[in-house]
Amino acid sequence: RRTVTTEADKYDYDLFTIGGGSGGVRASRWSSANYGARVALAELPYALVSEKHSAGGLGGTCVIRGCVPKKLLIYGSHVRDDISDATGYGWSLPREPQLNWDALLESKNAEVT
């Protein structure tokens, strides 16, 4: 473990990170673990469901609003096609599958909050 010499009395933190996305969290944790840095991280006020300008949470755009929610919705939307394809491999269901959109959104929100 390496340490960095700083003017300890001059600053409260060695690193102040703005944004709790993947990069901000990683930089903060890495600096603390590898250099013993005193770290602070600023993010929008926390909310279970983030909003564009007033509420956020750790994870950033990809995890909360972008990549992860998109993948959950795409995977969820393909299940019907996957089931249909599976009939060619011997699978069968007692009835036609149906999507409960509200349940899919609840599952997506539970995963990213």
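## Some remarks on the pattern of salt bridges
Turning to step 1, where the next piece is worked out: Enumeration over the complete set of coordinates arrives at two salt bridges.
Turning to step 2, where the next piece is worked out: Between D14 and R38 there is a salt bridge whose closest N-O contact spans 3.2 Å. Of this pair, D14 sits in the segment before β1 (15-18) while R38 sits in the loop between α1 (22-35) and β2 (39-42), placing them 24 residues apart in sequence.

## Some words on the confidence of the model for the chain
Turning to step 1, where the next piece is worked out: Averaged over every residue, the pLDDT of the chain is 83; residues scoring 70 or more account for 86%.
Turning to step 2, where the next piece is worked out: Mean pLDDT across the elements of the chain bottoms out in helix α2 (residues 60-64) (75) and peaks in β1 (94).

## Digging into the environment of G36
Turning to step 1, where the next piece is worked out: Along the chain, G36 falls in the loop between α1 and β2.
Turning to step 2, where the next piece is worked out: Spatially, the C-alpha atoms of G36 and D14 are 9.1 Å apart, while their sequence positions differ by 22 residues.

## Considerations on the packing of aromatic side chains
Turning to step 1, where the next piece is worked out: The tally for this structure, following the rule as stated, stands at one aromatic pair.
Turning to step 2, where the next piece is worked out: Note on W30 and Y35: the rings are 5.3 Å apart at their centroids and 70° apart in plane angle, and the pair reads as edge-to-face.
Turning to step 3, where the next piece is worked out: For Y35, a relative accessible area of 24% gives the class partly exposed.

## Thoughts on helix α3 (residues 67-86)
Turning to step 1, where the next piece is worked out: Its 20 residues place the ends of α3 27 Å apart at the C-alpha level, agreeing with the 28 Å of an ideal helix rising 1.5 Å per residue.
Turning to step 2, where the next piece is worked out: At V79, α3 shows its largest kink, close to 40°.

## Structural notes on the pairing of β2
Turning to step 1, where the next piece is worked out: Both β1 and β2 contribute to a ladder of four bridges, which runs parallel. Residue pairing across strands places F16 opposite A40, the latter belonging to β2.
Turning to step 2, where the next piece is worked out: Each parallel crossover has a hand, and for β1 linked through α1 to β2 it is right-handed.

## A word on the side chain of K108
Turning to step 1, where the next piece is worked out: Structurally, K108 can be placed in helix α4 (residues 101-112).
Turning to step 2, where the next piece is worked out: Buried charge without a salt bridge: K108, with D102 as the nearest opposite-charge side chain at an N-O distance of 11 Å.
Turning to step 3, where the next piece is worked out: At 2.7 Å, the side chain of K108 forms a polar contact with the side chain of N109.
Turning to step 4, where the next piece is worked out: The contacts of K108, once residues within four sequence positions are left out, are P69, L72 and L73.

The rules behind the values
- Residues numbered from 1 in each chain as written.
- Predicted model: local features only at pLDDT ≥ 70, side-chain atom pairs only at ≥ 80, totals over all residues.
- Heavy atoms only, no water.
- Salt bridge = Lys/Arg side-chain N within 4 Å of Asp/Glu carboxyl O.
- Helix = DSSP H or I, 4+ residues; strand = E, 2+ residues; numbered from the N terminus.
- pLDDT = per-residue confidence, 0-100.
- Phe/Tyr/Trp six-rings, centres within 6.5 Å; stacked < 30°, edge-to-face > 60°.
- Buried < 20%, exposed > 50% of the residue type's maximum accessible area, 1.4 Å probe, protein only.
- Expected span 1.5 Å × (residues − 1).
- Bend = angle between axes of the 7 residues up to and from the residue.
- Pairing = 2+ DSSP bridges.
- Right-handed = clockwise from strand over helix to strand, strands pointing away.
- Lys, Arg positive; Asp, Glu negative; His and termini not counted.
- Polar contact = N/O pair within 3.5 Å; in protein donor to acceptor, adjacent residues only side chain to side chain.
- Contact = heavy atoms within 4.5 Å.

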